[in-house]
Amino acid sequence: MHWLVNERRRDYAGGVLMIALGLGAALQGAAYSIGSLRAMGPGFFPTALGILLALIGLAIASAARFARDGDEPVEAKAPEWRGWICLTLAIVAFAVLGTYGGLVPATFAIAFISALGDRDNRPLDAAMLAAGCVVIAVAVFHWGLALQFPLFQWGGR
């Protein structure tokens, strides 16, 4: 399917969408205790990320709104269904394997399946990337943060 779109209008709409999502996340995060920089509450991180997302969206929308170039229509590309399907399956695999298999298989699955969404990745490349992600996830979440997420488990929690 081919159609013409205005690139500036698309950037403007994307910036406005980021502002809306950022403000929504900030408002939802503010419903929890924010705390301070020394003693962060559960609402600090989502509120801060929401504000940053809204500011980045504002920058994108402003740049698109006041841009002089790029007014000519450009041909829109067809959706990358392979990428969408792989990313959706990766999230589902992480949820299932995180519940029934543990951190290691869940992390490997989400990285491996997501990497296969790129047409240029071969399965061996995706497996090596996934193995590296597992090492980093174990180091950060299991050892560094002592997250209560077992490395391996059989069955549900």
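Quick caveat, the model's predicted, so the values are computed rather than measured.

(A) Structural view of the packing of helix H4 (residues 103-115) against helix H5 (residues 123-144). One can describe the packing of H4 onto H5 by two numbers: an axis separation of 8 Å at closest approach and a directional angle of 140°. In terms of axis orientation, H4 runs oblique to H5. Between H4 and H5 lies a crossing of right-handed hand. Counting all contacts with H4, which are made through Leu103, Val104, Thr107, Phe108, Ala111, Phe112 and Ala115, the residues of H5 involved are Pro123, Ala126, Ala127, Leu129, Ala130, Ala131, Cys133, Val134, Ala137, Val138, Phe141 and His142.

(B) Quick look at the side chain of threonine 107. Mapping threonine 107 onto the fold places it in helix H4. With relative accessibility at 10%, the residue threonine 107 sits in the buried group. Residues in contact with threonine 107, not counting those within four places in the same chain, are Phe94, Cys133, Val134 and Ala137.

(C) Helix H2 (residues 44-65), seen in detail. Given a rise of 1.5 Å per residue, 22 residues ought to cover 32 Å, and the 31 Å separating the end C-alpha atoms of H2 matches this to within 8%. Thr47, Gly50, Ala54, Gly57, Ala61 and Ala64 are the residues of H2 that are buried. Buried residues along H2 cover an arc of 115° about the axis, so they all sit on one side.

(D) Structural detail: the packing of aromatic side chains. Under the definition given, this model contains one aromatic pair. Residues phenylalanine 108 and phenylalanine 112 carry aromatic rings whose centres are separated by 5.8 Å and whose planes lie at 10° to one another, so their mutual orientation is stacked. Here the residue phenylalanine 108 and the residue phenylalanine 112 both occupy positions in helix H4, the gap between them amounting to four residues, near one helical turn. Since its relative accessible area comes to 32%, phenylalanine 108 is described here as partly exposed.

Thresholds, definitions, all that
- Residues numbered from 1 in each chain as written.
- Predicted model: local features only at pLDDT ≥ 70, side-chain atom pairs only at ≥ 80, totals over all residues.
- Heavy atoms only, no water.
- Axes fitted to C-alpha atoms, helices over the stretch in contact; angles between N-to-C directions.
- Helix = DSSP H or I, 4+ residues; strand = E, 2+ residues; numbered from the N terminus.
- Parallel < 35°, antiparallel > 145°, perpendicular 65-115°, else oblique.
- Left-handed = near helix turned anticlockwise from the far one by under 90°.
- Contact = heavy atoms within 4.5 Å.
- Buried < 20%, exposed > 50% of the residue type's maximum accessible area, 1.4 Å probe, protein only.
- Expected span 1.5 Å × (residues − 1).
- Arc of directions from axis to C-beta.
- Phe/Tyr/Trp six-rings, centres within 6.5 Å; stacked < 30°, edge-to-face > 60°.

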